[in-house]
Amino acid sequence: MTAPEPTARPKIDTSRPHPARMYDYFLGGKDNYPVDQEAAERFIAAAPEVKVAVRANRAFMRRAVRHVVGEGGVRQILDIGTGLPTEPNVHQIAREIAPETRVAYVDNDPIVGTHSMALLDDDEGISVVLADLRDPRAILDHPDVRKVIDLDEPVALLLVAVLHFVKDDEDPNALMTTLLDALPTGSYLILTHATVDFHADRRENAVAIYKNASATMNPRPHAEVLRFFDGLTLLEPGLVTVPTWRPDEAPDPALPPIGFYGGVARKDA
């Protein structure tokens, strides 16, 4: 792995909940703080199915990565908003199929970088970068991204449960355009996004709980999420709830509605 530049270590802010640490708590992880736990518990009270939903979201990610590496032939992955390490991680999933796969992990929470660096310090095919989705050009040009990602070869871009933390006035569509324009033909987009299409009465609570977090929650309807795939070829079955995207087995009909859309698309031109 590439070593970080000798700059001052970023300060970990434990005064406000952070989405990556809350997500870790939903998954049953321990890399979170009381402020994250309190906010996460309030979210669970408002939406009890959230723990099922985040596990379904990760299961989608595993299936999608296996597809783009196995059938799509991609050998490099740019994972933006990676979150805290949770096995199996993206590189582990990909390397079960293609051991030469290279991965750049990007997140804006210093604790994510600290934990990831500790786990992956001896792997030359992986970079861990502290950067923010809201500045996509800085991600694409980052030397530690470019050391493992060759933008002349197909890339799988992962935006899993992260774009809903970008506000409308931060122009998420423009961010997507910058990222996708930089990728060559044959690349893939793997994206999931929170929605309240199935729980419209919960939007106010969901937004309020994240109001004081380091990033706000901005759930979007199907039509708005679908726009993020403009110019790409969506693979079947299209943009659907995450348990129903090419499941390994039939989804449990007893599951509550899952408030995540997910899709995989290929850049053909």
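Before reading further, recall that the structure is shown in the block above.
A brief look at the structure comes next. All of these numbers come straight from a predicted model, not from anything done at the bench. (Residues numbered from 1 in each chain as written. Predicted model: local features only at pLDDT ≥ 70, side-chain atom pairs only at ≥ 80, totals over all residues. Heavy atoms only, no water.)

Let's shift gears to the overall build of the chain. Per the secondary structure count, the chain includes ten helices and eight strands. Each principal axis of the C-alpha atoms in the chain carries an extent, and together these give about 45 × 45 × 35 Å. Sorting the 269 residues of the chain into buried and exposed places 52% on the buried side. For the chain, contacts bridging at least 24 residues in sequence account for 74% of all contacts bridging at least 6. If you sum the accessible surface of the chain, you get close to 12100 Å²; carbon and sulfur atoms cover 51% of it. Between the centroid of the 28 positive side chains of the chain and the centroid of its 41 negative side chains there is a distance of 2 Å. (Helix = DSSP H or I, 4+ residues; strand = E, 2+ residues; numbered from the N terminus. Buried < 20%, exposed > 50% of the residue type's maximum accessible area, 1.4 Å probe, protein only. Contact = heavy atoms within 4.5 Å. Areas by Shrake-Rupley, 256 points an atom, 1.4 Å probe, with all protein chains shown as cover. Lys, Arg positive; Asp, Glu negative; His and termini not counted. Charge placed at Lys NZ, Arg CZ, Asp CG, Glu CD.)

Cis geometry is adopted by the peptide bond preceding Pro237, which originates at Glu236 and carries an omega value of 10°. With respect to the secondary-structure elements, Pro237 resides in the loop between strand E6 (233-234) and strand E7 (240-241). Its identity is not glycine, yet Ala161 carries a phi of approximately 55°, on the positive side. Relative to the helices and strands, Ala161 resides in the loop between strand E4 (156-160) and helix H8 (172-181).

Another point: helix H1 (residues 19-26). With six of eight residues buried, H1 lies mostly within the body of the structure. Listed in full, the buried residues belonging to H1 are Pro19, Ala20, Arg21, Met22, Asp24 and Phe26. Of the residues one or two after H1, Gly28 is the one with positive phi, at around 90°.

The subject of this paragraph is the packing of H1 against helix H2 (residues 34-46). Remark: H1 packs on H2, axes separated minimally by 9 Å, with the N-to-C direction vectors making an angle of 65°. Judged by the twist between their axes, the crossing of H1 over H2 is right-handed. Residues Arg21, Met22, Tyr25 and Phe26 of H1 lie in contact with H2, whose contacting residues are Val35, Asp36, Gln37, Ala39, Ala40, Glu41, Phe43 and Ile44. For the contact of H1 with H2, the per-class residue count stands at eight nonpolar, one polar and three charged. (Axes fitted to C-alpha atoms, helices over the stretch in contact; angles between N-to-C directions. Left-handed = near helix turned anticlockwise from the far one by under 90°. Nonpolar A, V, L, I, M, F, W, Y, C, P; charged D, E, K, R; others polar.)

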